[in-house]
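# Commentary on secondary and tertiary structure
The lines below spell out each chain.
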Amino acid sequence: MNSQLIRKYEAMGFDKGQMEEIRQGLEKGLDVSWYTSVNYDWFQMEEIKKGLEWGLDVAVYAKPEISYDRMCQIRKGLKEGIDLSKHQELEAGYLREIRKAKQGHVDIFPYIEQGYEPDQLDEIRLGLEHKADISEYLIKEFLGESLREIRLGVEEGLDVSVYAKIYFGWQQMREIRFGLERRVDVSVYARELYRWQQMREIRLGLEDGLDVSAYQSMMYSAKEMRQMRTKMKELTESAKGKEISLEQLEEQAKQVSECLVTVSQDKMEAYITLEKGVSKTKNEIMRLLAKEHVVFGILQDNIEKNLKEADQGTRHFLAAEGVRPQRGRDGYYEFFFRTGIPQIPAIRKDGSIDYQNTVYFEQVKAGQVIAVYHEAQPGIGGRTVDGTELPAQGGQEKHILKGRGFLLSQDKKTYIARESGKIELKNNEITIQPLLIVDEVTISTGNLRFNGSIWVKGNVGSGVVIQSKDELIIEGNVEAAHLQSGKRIVIKNGVSGGGLAVIESADDIHGKFFEGASLTANKGIYANYVMNSNLIAGKEIVISGSKGAIIGGSAAAVNGITAHHIGNRAGLLTNISLGVSKAMLEKEEEAELKLKKLQSELVIFEEAYKKLQKQYPPEVRNGMDLYLKVEQATYIKRKQMEQQVERTKELEEKRSKANEAKMMVYGILNAGTVVQMNGMQWTAASSVRNVTVRLSNKEIGIFRN
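Another point: the sheet that holds strand β15 (residues 429-433). Strand order across the open sheet formed by four strands is β7-β14-β15-β11, with mixed pairing between neighbours. Both outer strands of the open sheet, β7 (362-364) and β11 (402-404), are each paired with one neighbouring strand and no more. Taken pair by pair, the neighbouring strands of this sheet meet at an average axis angle of 25°, ignoring direction. Alignment of β11 against β15, held across three bridges, turns out to be parallel. Bridging across to β15, G403 finds its partner in I430.

It is worth spelling out the pattern of salt bridges at this point. Per the stated rule, a full pass over the model turns up 47 salt bridges. Among the salt bridges present, the one from E46 reaches K637, with a minimum N-O distance of 4.0 Å. One end of the pair, E46, is in helix α3 (residues 42-53); the other, K637, is in helix α17 (residues 625-658), and 591 residues separate them in sequence. The pair E46 / K637 is uniform in exposure class, with both members buried. Here E149 and R177 are joined by a salt bridge, their closest N and O atoms 2.6 Å apart. Of this pair, E149 sits in helix α8 (residues 144-155) while R177 sits in helix α9 (residues 170-181), and the two are 28 residues apart along the sequence. The two residues E149 and R177 agree in class, both being buried. One connected set of salt bridges, linked through shared partners, spans R148, E149, E156, R174, E175, R177, E181, R182, R203, E207 and K402.

The next point concerns unusual backbone geometry. The backbone of K412 sits at a positive phi, close to 60°, despite the residue not being glycine. Relative to the elements of secondary structure, K412 occurs in the loop between β12 (406-408) and β13 (414-417). Notably, N690 is not glycine yet its phi reads approximately 55°, a positive angle. Within the secondary structure layout, N690 lies in strand β37 (residues 688-696). Overall, the relative accessible area of 28% leaves N690 in the partly exposed class.

A word on the nonpolar core. Of all hydrophobic cores here, the largest spans 72 residues; its most connected members are I48, I150, I370 and Y415. Counting residues per element, this core draws most heavily on helix α5 (residues 92-103), at four residues. Here I370 is in contact with E334, F335, F336, F337, V364, F406, Y415, I416, A417, I423, I430 and I432, once residues within four sequence places are set aside. A481, F514, I576 and V688 belong to the second largest nonpolar core, which has 48 residues in total.

About the criteria used
Residues numbered from 1 in each chain as written. Predicted model: local features only at pLDDT ≥ 70, side-chain atom pairs only at ≥ 80, totals over all residues. Heavy atoms only, no water. Pairing = 2+ DSSP bridges. Helix = DSSP H or I, 4+ residues; strand = E, 2+ residues; numbered from the N terminus. Axes fitted to C-alpha atoms, helices over the stretch in contact; angles between N-to-C directions. Salt bridge = Lys/Arg side-chain N within 4 Å of Asp/Glu carboxyl O. Buried < 20%, exposed > 50% of the residue type's maximum accessible area, 1.4 Å probe, protein only. Core = buried A, V, L, I, M, F, W, Y, C linked by side-chain atoms within 4.5 Å. Contact = heavy atoms within 4.5 Å.

What follows is the structure, encoded as structure tokens:
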């Protein structure tokens, strides 16, 4: 039937690209009559087809007069529950920003009415969503990239007025912002006539504590500045720690018969070497030192002491010592919340995990001071034995903290929580996430959905649903509930699910015990005890402690499983799956199909692109909407191909690791346990102790630990 329809549509004069969209629609069982019109180009066809695939009301946008890029935004809006049809006359860029603004619950219509372009609206919207007010810096002449630098600076609490100038390009703004972040004196280079590359070299020099006045003249190109900066840095580093060794001094001492003054290479020390029996007065020694330009740090007492010991053989002693410069103390942050909270719970002596007494996050309140920055201190200058003054090196400033949910006060040192929630410091970024705190969740309290972290202080009853975009921490017990989280789930007491509990995490799942529950984690599952449960982990399953066991049910992990005991003496059926999972195979198959689809689509686009180039001269085709769309689509498809190739490589690497998966049992692997791996199956005929199960010579083998 499909072949007859395809011949019918081919006879209607559709081009190769249009026919490909019709063919794909027919293969998927879609009602292609929505877009089998010669009035649609194949880009519009693709958007209608995608809408049909998602079961959307394509009648909203299946109109020839609506361009494909506007169709795309309307389609995405429908999928997200946002109706953009009443704004369909606007360009696609505006529709995209309206859609994203509705998602972020902010209003950008006043700025659309004022005439701001989509790239500018993108930054205005992000500023509104992140509570970074950039309204006082809004100038229509600013490019979107420039507004981005201003927005990022406002979010970080920087004095953006330094660079929010119309005569600065966005790259220049970026270099000034970087300098403010690193607490250097940006006034040295925040000048209109510097190119951004020159600004960068001066900034890097200031960060290294160099005297940039040697190369900051605008007469130098950025390349020349870089060469001079690199040379200065090399000289500074090579001058550190160059002291004359004892072996060098002894070698030099052999070359004199009576008295030798030796000055170390860094001129921080001067030594006197006197041969046995040689007698010198203090004044003679002072004249010898002066002759060698040793005028500072002379150790009078040490000289007199060694001159009195003329009969004690050859003497070698320190006669003068300079003062080394002392580097100033580096800047540092003082935090008023606990940082470095372990991402894994505390371990008891028996190896089990202490979930109950482990702290998983720190909480702050709006208005609370969360950190104070203490500036770097200037150093103390020094002097060499020849009297040369050595400049002090000041301490190094720390970068300004980035993140969300806090404000930086006017002193640029005090950080204050803007909202209450869960606080975390990671990689020099502070994040305060919304935190919902409830005593318990039961049928009477109702289901719970929150765009942040959820902390349940008590128990979770049967029949309820909890959905958290961030972490989910439950202090008590969980019954037959359905839990979902965008990040880690921690259940301190454990789960008694009666076979009905469902727990799903995009990260890890931690719990004291799990009974009668189905667990799915993108990463790992960690517990002290599991019974009659079904576990699926994208990374690993670790059951801790000398009594840690997986009894009954099933456990599947891509990288491996670790437990003290597997199964029980009664021979309760326990299924173990290691290595490549069904989900992984589905992802590989999906990736392969997507790659083939992209390849076929790219061929179509490239053929159309070449055809248009041959048919029309540049001055004609460069003004054609169709040519520009094909050119853009070809570029996008090539990028998508590159990304998909990388994705396929990642999946291949995961499969390689999955082939090395193993199950480590430190206690008893009980008879009746079934292990499946890469399509093979092995059943424990008898109980064994302290073993590892893994692939060996393409078969499942069992080995002593």
